[in-house]
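These are the residues of each chain, in order.
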Amino acid sequence: MTTNADGPQTRPRRRTPAGAAVLREDVTEAIRAAVFEELATVGYARMSIEGIARRAGVGKTAVYRRWRSKLHLVLDIVSAIAVQGLPAPETGSLEGDLRVLYEVTSRALRHPVASQIIPDLQAEAARNPEIAEAMQKTLRDGQEGVALKIVAAARQRGEVGEDLDRELALDLISGPLYWRSVVIRSPKLPKRYLDALARATAEAIKAL
């Protein structure tokens, strides 16, 4: 309220600008859950924003406020599967760090929905260059970010040399588990497999 010579006056209430609606987290999570269900049920090609909105119990506008297209929506989900933003392990050794990374990654790749979504998106990527480029960047960036920190820590500890072939090291870290879990889709990892993989990969990287 303000006052002037004519007496007290009420200050007009500010209106929330159009398009500035608060993005409720419960709605966002409902949409993400709907995407998982839609992908697992109908696949990427047949998935639609309308179907996602209907399954999430929201309007299409709620989806478009958060993501520009179904591609961007799906890539957000893939980023989560690909351990995007996972803090780098700090066990004190290259083998120990790799073992933690493999444990987290293997759980994500063996998730029942993820095991359906990733192969489906790979098939779409073979037909759609935009999806291929976006998937490669999302999956690679997520895994690579953590792997690079592991390699950098190993270098600081003197476990690997300064002239390490970084690209080859990244391939050694990411390749075997992805091959077994996603390409040949082994339903269950052999006992002590992750221990052996971490040990072998650490030795291979040290030998580069």
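A.B. asks: Is there a simple way to explain the overall build of the chain in this structure?
C.D. replies: The number of helices and strands found in the chain is nine helices and two strands. Starting at the N terminus and walking to the C terminus, you meet the elements of the chain as β-β-α-α-α-α-α-α-α-α-α. The buried share of the chain, taken over its 208 residues, is 39%. Total accessible area on the chain is roughly 12400 Å²; 52% of this is exposed by carbon and sulfur atoms.

A.B. asks: I would appreciate a short explanation of the pattern of salt bridges in the present structure.
C.D. replies: As a working rule, side chains carrying opposite charge can pair if their charged atoms are close by. For the structure on display, the rule yields 13 salt bridges. A salt bridge links Asp195 to Arg192; its shortest N-O distance comes to 3.1 Å. Each of Arg99, Glu103, Arg107, Arg192 and Asp195 takes part in a single network of salt bridges with overlapping partners.

A.B. asks: I keep staring at the nonpolar core and nothing clicks. Help me out?
C.D. replies: Ile31, Val35, Tyr44, Ile52 and Leu73 are the most contacted members of the largest nonpolar core, which totals 25 residues. Of all the secondary structure elements, the ones that give two or more residues to this core are helix 1 (25-46), helix 2 (49-56), helix 3 (60-66), helix 4 (70-81), helix 6 (112-127) and helix 7 (129-156). When residues in this core are grouped by element, the largest group, six residues, is from helix 1. Contacts of Val35, omitting those with residues within four sequence positions, involve Met47, Ile52, Leu73, Val74 and Ile77. In this structure, Leu98, Val146, Ala147 and Tyr193 belong to the second largest nonpolar core, which totals 22 residues.

A.B. asks: Could you clarify how one ought to interpret unusual backbone geometry in this entry?
C.D. replies: With a phi close to 65°, Arg192 is a non-glycine residue in the positive phi region. Relative to the helices and strands, Arg192 resides in the loop between helix 8 (166-183) and helix 9 (193-206).

A.B. asks: I would appreciate a short explanation of helix 5 (residues 94-109) in the present structure.
C.D. replies: Residues spaced three or four apart along an α-helix face the same direction, because each turn holds 3.6 residues. For helix 5, spanning 16 residues, the distance from its first C-alpha to its last is 22 Å, which sits close to the expected 22 Å at 1.5 Å a residue. If you check which residues of helix 5 are buried, you get Leu94, Gly96, Asp97, Leu98, Leu101, Tyr102, Thr105, Ser106, Ala108 and Leu109.

A.B. asks: Would you explain the packing of helix 5 against helix 9 in this entry?
C.D. replies: Think of two packed helices as two axes; the pair is described by the angle between the axes and how far apart they sit. The N-to-C vectors of helix 5 and helix 9 enclose an angle of 130°; their axes lie 8 Å apart at closest approach. Put simply, helix 5 runs oblique to helix 9. Seen from above, helix 5 lies across helix 9 with right-handed handedness. Between helix 5 and helix 9, the contacting residues are Leu94, Glu95, Leu98, Arg99, Tyr102, Glu103 and Ser106 on the first element and Leu194, Asp195, Leu197, Ala198, Arg199, Thr201, Ala202, Ile205 and Lys206 on the second.

A.B. asks: For this particular structure, what's the right way to read the packing of aromatic side chains?
C.D. replies: Each aromatic ring pair is summarised here by two numbers: the centre-to-centre distance and the angle between the ring planes. Per the stated rule, a full pass over the model turns up zero aromatic pairs. Between Lys70 and the ring centre of Tyr44, over which it is positioned, the NZ or CZ distance is 4.4 Å.

A.B. asks: Help me understand the side chain of Thr105 in this model?
C.D. replies: Structurally, Thr105 can be placed in helix 5. Separated by 2.8 Å, the side chain of Thr105 and the backbone oxygen of Leu101 make a polar contact.

A.B. asks: Would you explain helix 2 in this entry?
C.D. replies: Taken residue by residue, helix 2 has Ile49, Gly51, Ile52, Ala53 and Ala56 as its buried positions. One or two positions beyond helix 2, positive phi appears at Gly57, with a value near 75°.

Basis of the calculations
Residues numbered from 1 in each chain as written. Predicted model: local features only at pLDDT ≥ 70, side-chain atom pairs only at ≥ 80, totals over all residues. Heavy atoms only, no water. Helix = DSSP H or I, 4+ residues; strand = E, 2+ residues; numbered from the N terminus. Buried < 20%, exposed > 50% of the residue type's maximum accessible area, 1.4 Å probe, protein only. Areas by Shrake-Rupley, 256 points an atom, 1.4 Å probe, with all protein chains shown as cover. Salt bridge = Lys/Arg side-chain N within 4 Å of Asp/Glu carboxyl O. Core = buried A, V, L, I, M, F, W, Y, C linked by side-chain atoms within 4.5 Å. Contact = heavy atoms within 4.5 Å. Expected span 1.5 Å × (residues − 1). Axes fitted to C-alpha atoms, helices over the stretch in contact; angles between N-to-C directions. Parallel < 35°, antiparallel > 145°, perpendicular 65-115°, else oblique. Left-handed = near helix turned anticlockwise from the far one by under 90°. Phe/Tyr/Trp six-rings, centres within 6.5 Å; stacked < 30°, edge-to-face > 60°. Lys NZ or Arg CZ within 6 Å of the ring centre and 35° of its normal. Polar contact = N/O pair within 3.5 Å; in protein donor to acceptor, adjacent residues only side chain to side chain.

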